[in-house]
Amino acid sequence: MEESYVKTWKQEGQLFQELCLWYCGCSDCHPGHSFGPAARPNYILHYVLKGKGRFQIDNRTYEIGAEEGFLIVPNVMTFYQADSNDPWSYVWIGFHGDAAEKLLGRMGLSFRMPTFSSNCGQQLSALVADMLGQDAQNIGGMLHLQSQFYQFFGYIAQGLAVQDNFQQGKQNYYVRTAVEFIEQHYADSIKVTDIAESIGVSRSYLVALFQNILGMPPNAYLSGFRISRAKELLTITEMSVGEIASRCGYQDALVFSKAFKHHVGMTPTLYRKTDRAKQHMRIQQMKKM
């Protein structure tokens, strides 16, 4: 269980189409409280004020503590759970909009990089508390709420900038920009040279940066990103394997199937069948609770 306070403003979507706040809230979670596995229709940013827990997305698990946060992206299965001994308390905002993905990408947040750190917890907590008190019944209230919404991103971005400048500097900026390029063009026939040219560095320098910061060469990251997208499409759509291959940057379905089996250990068809069976089992278990 959790003690939470949530407020929703979905009606503002027609006015602020580029970036629209749907809801925000704060929660004090009981030990072991969890949510999911579930897919949300919009973006959600969580920021942990105290305590700790874990966040799972795409078979990746992240341990999240105070002054850290995580991003939920639309239509992707995620799961998160408070620690049994030191459960977290957090604030969050749910949002959508035409510019949401681009803004998050500029901040270095995405499906592949969903976690962040920021030392602006006190400001974020006070800001969400103020937002929860807003009714936004008229244009003045709507604009004030929207300004607070943008300020939430501003505080997080400031914290991220401080962390990057202090710890990783320009090298991390190049990697983050390269990752953003991959996320935007993975469905195209891009190669490592294309990625390097997009950020203005040599191929060899980009390979060295990826190896140093991410522990893998850029071609491995690109391949892994494509396969993760394929897994997502296999899970939440009824697309054929050939169509998914094309949408993930593979011109040949057979080449895609071989790459998928190399990464995952099973064919795309078997992965879809196995995942559906697991989801059915989870649903049955939840019905018995």
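Residues numbered from 1 in each chain as written. Predicted model: local features only at pLDDT ≥ 70, side-chain atom pairs only at ≥ 80, totals over all residues. Heavy atoms only, no water.

## Quick look at the overall build of the protein chain
When its secondary structure is counted, the protein chain shows nine helices and ten strands. Considering only contacts in the protein chain between residues 6 or more positions apart, those separated by 24 or more positions represent 72%. For the protein chain, the computed accessible surface area is about 14,800 Å², with 51% contributed by carbon and sulfur atoms. (Helix = DSSP H or I, 4+ residues; strand = E, 2+ residues; numbered from the N terminus. Contact = heavy atoms within 4.5 Å. Areas by Shrake-Rupley, 256 points an atom, 1.4 Å probe, with all protein chains shown as cover.)

## Let's talk about the pattern of salt bridges
The tally for this structure, following the rule as stated, stands at three salt bridges. The salt bridge partner of R276 is E238, with a shortest N-O separation of 3.2 Å. One end of the pair, R276, is in helix α9 (residues 268-288); the other, E238, is in the loop between α6 (218-236) and α7 (241-247), and 38 residues separate them in sequence. R276 sits in the partly exposed class, given a relative accessible area of 29%. The salt bridge partner of R247 is E243, with a shortest N-O separation of 3.6 Å. Taken together, the residues span about one helical turn, with R247 and E243 both in helix α7 at a distance of four residues. Exposure remark for R247: the relative accessible area of 44% places this residue in the partly exposed category. (Salt bridge = Lys/Arg side-chain N within 4 Å of Asp/Glu carboxyl O. Buried < 20%, exposed > 50% of the residue type's maximum accessible area, 1.4 Å probe, protein only.)

## Digging into the confidence of the model for the protein chain
For the protein chain, mean pLDDT is 83; residues scoring 70 or higher make up 87% of the total. Confidence, read as mean pLDDT per element, is least for strand β1 (residues 2-8) in the protein chain (63) and greatest for α7 (94). (pLDDT = per-residue confidence, 0-100.)

## Description of the nonpolar core
L45, W88, I93, F95, F152, F153 and L206 are the most contacted members of the largest nonpolar core, which totals 68 residues. In terms of residue count, helix α3 (residues 139-185) provides more of this core than any other element does, 13 residues in total. What F95 contacts, discounting residues up to four positions off in sequence, is L19, C20, L21, W22, N42, Y43, I44, L45, A100, L104, F149 and F153. In this structure, I227, Y250, A259 and F260 belong to the second largest nonpolar core, which totals 13 residues. (Core = buried A, V, L, I, M, F, W, Y, C linked by side-chain atoms within 4.5 Å.)

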